[in-house]
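# Commentary on secondary and tertiary structure
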Amino acid sequence: MEYLLKNGYVVDPANKIDCERKDIAIKDGKIVESVDESRAKVIDVKDMLVMPGGVDLHSHIAGSKVNIGRLFRPEDHYKDYEVKSGVKRSGVGHSVPSVFTTGYRYAILGYTTVFEPATPPLKTVHTHDELNDIPIVDKACFPLFGNNWFVMEYIRDGKLEECAAYIAWLMRSIRGYAIKVVDPGGVEAWKWGGTVQDFDQEVPRFGITPREIVRGLVKVNKMLGLPHPIHVHANQLGVPGNYKTTLRTLDAVKDLAAGDKPVIHLTHVQFNAYGGVDYLSISSRADAIADYVNKNQHVTIDIGQVIFGDTTTMTADGPFEYKLFTLLRGKWANADVEVETGAGVVPITYSRSNYVHAVMWCIGLELALLINDPWRVFITTDHPNGGPFTEYPRVFSWLMSKKARDRVLKRLPRLARARTNLKDIDREYTFYELAISTRAATAKILGLSNKGHLGVGADADIAVYNINPKEVNPSVDYKLVRQAFSRAYLTMKDGEIVVKDGEIVAAPVGRTYWVNTKAPKDVEDVVIPEVQKLFEDYYTVRFENYYIPESYLACSAPIEPLEPAG
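Residues numbered from 1 in each chain as written. Predicted model: local features only at pLDDT ≥ 70, side-chain atom pairs only at ≥ 80, totals over all residues. Heavy atoms only, no water.

## A few points about the nonpolar core
How we decide: The nonpolar core is taken to be a set of buried Ala, Val, Leu, Ile, Met, Phe, Trp, Tyr and Cys residues, with the residues joined through side-chain atoms within 4.5 Å. Whether a residue is buried, partly exposed or exposed follows from its accessible area with a 1.4 Å probe, protein chains only, as a fraction of its type maximum: under 20%, in between, or over 50%, in that order. Every residue pair with non-hydrogen atoms within 4.5 Å of one another is taken to be in contact.
If you look at the biggest cluster of nonpolar residues, it comprises 162 residues, and the most contacted ones within it are Tyr166, Ile167, Tyr177, Leu217 and Trp361. Residues contacting Leu217, with those up to four places away along its chain left out, are Phe145, Val151, Ile155, Ile167, Ile179, Val181 and Ile230.

## As for the sheet that holds strand S18 (residues 333-337)
Going by this rule: Any two strands are treated as partners once DSSP identifies two or more bridges connecting them. Think of it this way: any DSSP run of H or I at least four residues long counts as a helix, any run of E at least two long counts as a strand, and we number them from the N terminus. The angle between two axes is taken between their N-to-C directions and runs from 0 to 180 degrees, where each axis is a line fitted to C-alpha atoms and a helix contributes only its stretch in contact.
Here three strands make up an open sheet; going across it, the order is S17-S19-S18 and the pairing antiparallel. Edge strands, defined here as strands with exactly one partner in the open sheet, are strand S17 (309-315) and S18. Ignoring which end each strand starts from, the neighbouring axes of this sheet average 15° apart. Pairing between S18 and strand S19 (residues 341-350): five bridges, direction antiparallel. Residue Ala335 lies in a different strand from S19, and its bridge partner there is Ala343. Of the strands in this sheet, S17, S18 and S19 are in contact with helix H10 (residues 318-328), which crosses S19 at around 35°.

## Structural notes on the side chain of His298
Our working definition: N or O atoms closer than or at 3.5 Å make up a polar contact, with two conditions inside protein: a donor-capable atom paired with an acceptor-capable one, and, for residues adjacent in sequence, both atoms drawn from side chains.
In this structure, His298 sits in the loop between helix H9 (286-295) and strand S16 (299-302). Within polar-contact distance, the side chain of His298 engages the backbone oxygen of Leu250 at 2.9 Å. When neighbours within four sequence positions are excluded, His298 is seen to be in contact with Leu250, Val253, Lys254, Ala257, Lys261, Pro262, Val263, Ile264 and Tyr292.

## Details of the packing of helix H11 (residues 355-370) against helix H12 (residues 392-400)
Rules: Convention used here: angles under 35 degrees read as roughly parallel, angles over 145 as roughly antiparallel, angles from 65 to 115 as roughly perpendicular, and any remaining angle as oblique. By definition, any crossing whose near helix is turned counterclockwise from its far helix by less than a right angle is left-handed, and any crossing with a clockwise turn is right-handed. Nonpolar residues are Ala, Val, Leu, Ile, Met, Phe, Trp, Tyr, Cys and Pro. Charged residues are Asp, Glu, Lys and Arg, and all others, Gly as well, are polar.
Across the interface, H11 lies against H12 with an axial gap of 10 Å and an inter-helix angle of 60°. With respect to each other, H11 and H12 are oriented oblique. In the crossing of H11 with H12, the sense of the turn from one axis to the other is right-handed. Residues Trp361, Leu365, Ala368 and Leu369 of H11 form the contact with H12, whose own contacting residues are Val395, Trp398 and Leu399. Across the contact of H11 with H12, the residue classes break down as seven nonpolar, no polar and no charged.

## Things to note about the packing of aromatic side chains
Each aromatic ring pair is described using two quantities: the centre-to-centre distance and the angle formed by the ring planes. Let me state the cut-off plainly: For Phe, Tyr and Trp, rings pair up if their centres lie within 6.5 Å, where Trp contributes its six-membered ring, and each pair is then called stacked (planes under 30 degrees apart), edge-to-face (over 60) or tilted (otherwise).
In total, this model carries 28 aromatic pairs according to the counting rule given. Aromatic pair Phe115 and Tyr177: ring centres 5.1 Å apart, planes at 70°, arrangement edge-to-face. Of the two residues, Phe115 is situated in strand S9 (residues 111-119) and Tyr177 in the loop between helix H5 (160-174) and strand S11 (180-182); the sequence distance between them amounts to 62 residues. The class for Phe115 is buried, based on a relative accessible area of 0%. Aromatic pair Trp190 and Tyr322: ring centres 5.9 Å apart, planes at 40°, arrangement tilted. Separated by 132 residues along the polypeptide, Trp190 in helix H6 (residues 186-191) and Tyr322 in helix H10 bring together distant segments of the chain. A relative accessible area of 24% means that Trp190 is categorised as partly exposed. An aromatic cluster is defined as three or more aromatic residues linked by ring pairs; in this entry it consists of Trp149, Phe150, Tyr154, Tyr166, Trp169, Phe206, Phe535, Tyr538, Tyr539, Phe543 and Tyr546.

## Thoughts on empty space enclosed by the protein
The following threshold applies: Residues are said to line a cavity or pocket when one of their atoms sits within 4 Å of a point; the points come from a 1 Å grid over protein atoms alone, cavities being sets where a 1.4 Å probe fits but cannot get out and pockets being open sets with protein on both sides within 12 Å along at least five of seven lines. Grid points are joined across faces, edges and corners, and a volume is the space filled by probe spheres set on the points.
In this structure the tally under the stated criterion is two cavities of 30 Å³ or more. Size it by volume and the largest cavity reaches roughly 100 Å³. Taken together, Asp183, Gly186, Trp190, Gly194, Thr195, Val196, Gln236, Leu237, Asp317, Pro319, Phe320 and Lys323 make up the full set of residues lining the largest cavity. Contributions of two or more residues to the lining of the largest cavity are made by H6 and H10. The element best represented in the lining of the largest cavity is H10, accounting for three residues. Class assignment for the residues of the lining of the largest cavity results in five nonpolar, four polar and three charged.

## So, the layout of surface pockets
Taken as a whole, the largest pocket holds about 490 Å³ of empty space. Forming the walls of the largest pocket are 26 residues, and the residues nearest its centre are Pro229, Asp260, Lys261, Pro262 and Ile445. Secondary-structure elements contributing two or more residues to the lining of the largest pocket are helix H7 (210-224) and helix H15 (431-446). Split into classes, the residues belonging to the lining of the largest pocket amount to 13 nonpolar, six polar and seven charged. Roughly 390 Å³ of volume is contained in the second largest pocket. Along the wall of the second largest pocket there are 22 residues; nearest its centre are Phe320, Leu324, Leu327, Ile348 and Met360. Put simply, the parts of the chain that give the lining of the second largest pocket at least two residues each are S17, H10, S19 and H11. The element best represented in the lining of the second largest pocket is H10, accounting for five residues. Residues that form the lining of the second largest pocket fall into these classes: twelve nonpolar, eight polar and two charged.

Dropping the structure here:
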């Protein structure tokens with residue numbers, strides 16, 4: 001099928017196009033130079049905003065902990081449901097939507113690629129079951145390695161080649177995409193009643209520190225040529241004063257970078273940017289972290305913006321979820337994943353009148369506004385931890401309008417306004433910067449060369465919004481911005497119209513990306529039989545049941561690793 005989108009205002013930062021009136025030609029699912037207008041279906045998008053499809057690099061949409069959230073939160077579903085239509089299945093869920101609803105709602109926002117950022121390897125079959133069922137969007141998942149026994153022992157013993165061979169085998173076996181690290185060493189310590197309160201404190205029984213785990217995995221990531229830097233949820237998440245640990249984590253790998261290429265992505269940094277010594281004195285230190293990112297090229301971050309209202313927190317950081325449970329005394333679910341990781345789930349309601357929550361809301365926006373380069377700071381809510389992804393349009397309006405921010409700020413506790421910097425920040429995002437942070441830059445840091453732009457040869461993943469960027473001033477008309485981004489006029493996925501006038505009109509199967517990781521065969525031939533033998537001692541599943549065949553994926557999209565970096 002051929003299409004021609006005519007007369008739209010195109011914002012395509014990867015190709016340095018900023019609100020230019022252009023036509024976009026599409027053929028066989030790709031952007032092409034031109035099509036025969038007499039044969040193509042011509043769609044007039046005159047004066048509308050045309051962007052590449054959104055790319056979300058961090059959203060908890062699938063897997064065992066997500067399903068726990070669904071199961072023990074019926075109150076999340078009562079008031080928010082999807083009615084079955086000729087195209088859509090019925091579904092439920094506000095903060096933890098069912099799988100089909102997840103795909104529909106991302107497409108309606110104009111997003112076409114979404115990555116699940118934390119899957120326990122042992123439970124990744126479940127993750128792929130759900131990714132298979134999420135329609136429309138392309139997906140991938142990041143296996144967890146920061147508390148893996150094999151990884152910690154290999155790094156402790158200086159066996160990086162063996163560690164790389166193990167990770168290459170595991171990534172390939174479970175169809176993973178990137179190395180995820182959550183509270184390195186801290187989850188393992190907590191399982192045994194201990195804790196890791198310092199970046200240089202040894203993990204009990206393993207004789208290795210979080211610093212050594214993070215540095216070792218950066219080296220392994222480079223040896224394997226993975227397309228995405230290690231994706232790190234730092235230690236001490238949610239703890240007052242944790243910005244110091246965050247800065248030490250970033251600085252620990254600075255010497256491992258070569259050139260301007262990032263070697264670490266620090267995720268949902270809002271939760272790791274706190275000053276003070278307790279919750280009574282908690283304050284924003286987004287300024288310190290933004291200053292570090294502005295001065296150093298080896299790091300990217302996403303913000304993890306908080307949205308006021310009800311949501312469900314879920315993370316492999318089991319210790320954090322237990323602390324949150326002790327504060328809230330509501331529901332709590334905990335899981336131990338043998339040898340590999342843990343997880344917890346706790347519901348929460350973020351309140352404007354709560355001083356701590358108000359500080360958290362300010363910090364996320366401060367990070368996005370104080371970091372100068374939008375190619376290195378990405379907009380997320382750490383769905384659903386900070387709030388549902390469906391609230392992205394609200395975040396966009398806050399970033400594009402000081403007036404919109406001030407409207408919320410004046411309703412926050414006075415002390416929260418005093419201990420944050422947001423009131424003094426005048427910067428407002430442009431449509432161009434927004435497209436960088438939500439599309440071009442996220443595709444680039446994930447190594448997806450066909451995503452996040454509208455150049456010839458790119459996947460025809462396109463979002464059209466019914467807003468005229470030449471006439472609407474987001475600084476003043478922020479409500480129009482939020483309205484437009486909430487319901488795309490048109491979303492195309494691989495050249496197929498999937499959303500029209502904010503309604504789902506088609507629900508094709510999206511790809512699942514995974515990296516066909518490789519290690520030297522002679523090393524892998526030694527390591528994997530050893531791992532197989534240790535399975536008998538450590539695991540309660542058989543080694544042969546660990547492997548997920550490629551045929552298990554609804555639409556497998558393997559990609560080759562990059563040339564290993566020096």
